[in-house]
Amino acid sequence: MTAHETSARGVIGDAARRTGRGRLVLAALLVLLLVMAALSFFPFYWLLASSAKTPLEIVQSPPSWWPADFSLASYSQAWSSLDFALYFGNSVVISAGVLLLRLSICLLAAYSLSRLRPPLAGVLMFLITVIIMVPPITYFVPQYVNITDVPFLGISLVNTWWAIWLPGITAPVVILLFKQFFDQLPGELFEAAAIDGAGSLRTLFRVVMPLSRPVLAVTAIYTFIGVWQDFLWPLLTLPDDQLWPLEVAIFRLRGGSVPLNIQMAGMVIATIPMVAVFLIFQRQIVRGIVLSEGK
Amino acid sequence: MREDAAVIMPPADSPATLSGREREATAPAAPGRRGRRRASARRRLVALAYLAPMLVTMAVFVYYPLVQGFSYAFQKVNLLDPPVAVGLENFRRVLADPAFWPAWQNVGLYTVLILFFANLLPLVISLAIHELRWGRSFFQLAACLPMMMPPVVTALLFDWIFDPGAGLLNSLLSTFGIGPQPFLQSPSQSLPSVAAIAIWGSWGLAALVYLAALQQIPPELYEATEIDGAGIVRRIRHVTLPQVRGQILILLLLGIISASQIFTQPYVLTGGGPADSTVSVVQLVYRYAFEYGDLGGASALSLMFLVVLACISAGYMAVTNRMARI
């Protein structure tokens, strides 16, 4: 019961809740929310139920509400004979690489902009953050050309992890969040570190990073979700079927000869990590939204 | 879920920021003028070294492609021959494409539908959730779970649910006595169907933002209007709406920017068809670049898109700023 939490108060007051009309309004709202919840949850149920059906039952019309021959064989088939273990691993490698590179390089850049007073700091900050306002489609095509022929190096990154890792580093939003957080750390901390003779790198590791755990967690979660769900960029830059991440594999294997229940099992495999991240980190995800609201 | 979701609004510089910086500026420096100068040169070098990896990757993978995109728009580019300047030829060719105007019209429709159902309607849902004394976290979970499903999975799952033959939706409709509908396969139903799928996968973000904002409204505001005898509708109009106004305006702007760039859903579900009824502008860019191999045309189209989107965003901000002053 959160009834006595002051911030929990809604539009309808305590007295009105006990009147007949107030109860009616609340009941109507509850019905609305139950419909909303059903619309949200049901597709998840349908995905799971479809994956547990046999290839014949899944295409029968009208569809059955509950799998008659409940079987999880589709998962083992997807995992081993259809290489979903490989695709899952690829998705993990891609996400881990972007996570590691993006967070560390953004951390260094934001720390420098916030605390080390580089020359032209204001201009550089503007140049970085202005990209947030540019829709990615504007530079999408030449960015792809760049991957096929990297400027100055003259090599192609197509079919290498770097094709996703390197452009994945450029996250102006993450720099902005880090910088805002570092700006708010008390100056005494840095003075104390300087008096102790700590260099800038040691200050970053010993002072800044331990304090930045909340903002690091939020950006890591959002990065992971964004990279895991990404589709078009890996579709273009990783044509080799040994390198496909889950989203690309699911798209490429559709139609063809793969039975529908196995496709659904593959889709469940791609969704599970996202749902798990949400259930585990729900607080951080909500905090990320509040943090970004500037409150 | 959009990757830029983590930043809705950059917070204004807080007083803590300034005092922190000031304190640092007056921090004790190394003794001796020459030593200080050498120390500050070294400090600047270190500061730049920390920034260098980011600046280099930004230069190679953002700024350079951005400039290249502008120049491609006025050149014949196809990856095989060296680029040749062609003036406005790319723009003429793209404008003559029979899918050009349908794409813009579709994007307008997508944007309106997505703004209404995924950015405004969630306010109603959030208000309802906020009225509850229990089960709030359950309904918050229900609101958010769809955006955790990867968009490709969402698209393919609904492709199956919307299937005219053995799909779930038609068998549901038949229990209400409604005959089978073609959904994604008919030019008149395809766009609303694609939009509905995009909306299902994205409205949770707005709901989360509104829920967070509603929790910030001081209860005294409601109590004061209650004493004045204001009814529920008036309380929503005079207390709730002004308090979440900022969130509504920002979500609408972000909604315009992201909805107008819709790609994955029409690409996966219909490929833009039938008869270009679901094709979007970004999808047209994709077609030019990766199906026709016409990078010049693709860049000309992206440039037009950028200009239109920038004008709409600027207009939106000008209008909302003026409204704020009244």
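Fair warning: this is a prediction, and the values are worked out from it, not measured in the lab.

Turning next to the packing of aromatic side chains. Inspection of every chain in the model, using the stated rule, returns 35 aromatic pairs over all chains. With a centroid separation of 5.5 Å and 50 degrees between ring planes, the pair formed by Phe-224 of chain A and Trp-228 of chain A is classed as tilted. Of the two residues, Phe-224 of chain A and Trp-228 of chain A both sit in helix α12 (residues 213-229), four residues apart, roughly one turn of that helix. Comparing Phe-224 of chain A with Trp-228 of chain A shows no difference in burial state: the two are buried. On the numbers, 5.1 Å between centres and 75 degrees between planes, the contact of Phe-231 of chain A with Phe-251 of chain A is edge-to-face. One end of the pair, Phe-231 of chain A, is in the loop between α12 and α13 (232-237); the other, Phe-251 of chain A, is in helix α14 (residues 246-253), with 20 residues separating them in the sequence. Residues Phe-231 of chain A and Phe-251 of chain A agree in their burial class; the two are buried. Feature note: the residues Phe-140, Tyr-144, Phe-231, Trp-233 and Phe-251 of chain A together with Phe-263, Tyr-267, Tyr-286 and Phe-290 of chain B constitute an aromatic cluster, connected by ring pairs.

This next bit is on the interface of chain A and chain B. On the chain B side, the residues contacting the 121 residues of chain A number 113 residues. When the buried area of chain A at its contact with chain B is split by residue, Arg-9, Val-11 and Ile-137 of chain A rank highest and sum to 7% of it. At the surface where chain A touches chain B, the tally comes to one salt bridge. The residue Asp-159 of chain B makes a salt bridge to Arg-254 of chain A at a minimum N-O spacing of 3.3 Å. Here chain A and chain B share 15 residue pairs in polar contact (both at pLDDT 80 or more) between them. Ranked by the residues each element gives to the side of chain A that touches chain B, the list is headed by helix α2 (residues 20-51) of chain A, at 17 residues. Of the residues that constitute the side of chain A that touches chain B, the class distribution is 81 nonpolar, 26 polar and 14 charged.

Looking now at the confidence of the model for chain A. Of all residues in chain A, 95% have pLDDT values of 70 or greater, and the mean over the chain is 88. Confidence scores differ between elements of chain A, with helix α1 (residues 14-18) of chain A showing the lowest mean pLDDT of 76 and helix α5 (residues 84-116) of chain A the highest of 95.

Before going further, it helps to spend a moment on the domain arrangement of chain A. Residue and element names in this part refer to chain A. Assigned domains within chain A: domain 1 (11-74) and domain 2 (76-292). Contact with domain 1, which involves 13 residues of that partner, is made by 13 residues of domain 2. Buried surface at the junction of domain 1 and domain 2, summed over both partners, amounts to about 940 Å²; 72% is from carbon and sulfur atoms. The three residues of domain 1 that bury the most area against domain 2 are Leu-47, Ile-58 and Ser-74, which together make up 51% of that side's buried surface. At the surface where domain 1 touches domain 2, the tally comes to zero salt bridges. Taken together, the links from domain 1 to domain 2 amount to five residue pairs in polar contact (both at pLDDT 80 or more).

The α-helix advances 3.6 residues per turn, and as a result positions three or four apart in sequence lie on the same side. Residue and element names in this part refer to chain B. The complete set of buried residues in helix α10 (residues 219-227) reads Pro-219, Tyr-222 and Thr-225. In a view along the axis of α10, the buried residues occupy a sector of 130 degrees, so they form one face of it. Turned more than 90 degrees away from the buried face of α10 sit Glu-220 and Ile-227, all of them exposed. The secondary structure elements touched by the buried residues of α10 are α11 (232-259). Immediately downstream of α10, the backbone of Gly-229 shows phi near 85 degrees, a positive value.

Our next topic: the pattern of salt bridges. Residues and elements named next belong to chain B. As enumerated under the stated definition, the model contains five salt bridges over all chains in all. The salt bridge partner of Arg-92 is Glu-89, with a shortest N-O separation of 3.5 Å. In this pair, Arg-92 and Glu-89 both sit in helix α3 (residues 89-96), three residues apart, roughly one turn of the helix. Note on Arg-92: relative accessible area 53%, which makes it exposed. On the basis of relative accessibility, which here comes to 35%, the residue Glu-89 falls in the partly exposed class. Here Arg-287 makes a salt bridge to Asp-276, at a shortest N to O gap of 3.5 Å.

About the cut-offs
Residues numbered from 1 in each chain as written. Chains lettered and ligands numbered in written order. Predicted model: local features only at pLDDT ≥ 70, side-chain atom pairs only at ≥ 80, totals over all residues. Heavy atoms only, no water. Phe/Tyr/Trp six-rings, centres within 6.5 Å; stacked < 30°, edge-to-face > 60°. Helix = DSSP H or I, 4+ residues; strand = E, 2+ residues; numbered from the N terminus. Buried < 20%, exposed > 50% of the residue type's maximum accessible area, 1.4 Å probe, protein only. Contact = heavy atoms within 4.5 Å. Buried area = accessible area lost by both parts, 1.4 Å probe. Salt bridge = Lys/Arg side-chain N within 4 Å of Asp/Glu carboxyl O. Polar contact = N/O pair within 3.5 Å; in protein donor to acceptor, adjacent residues only side chain to side chain. Nonpolar A, V, L, I, M, F, W, Y, C, P; charged D, E, K, R; others polar. pLDDT = per-residue confidence, 0-100. Domains from an automatic or database assignment. Arc of directions from axis to C-beta.

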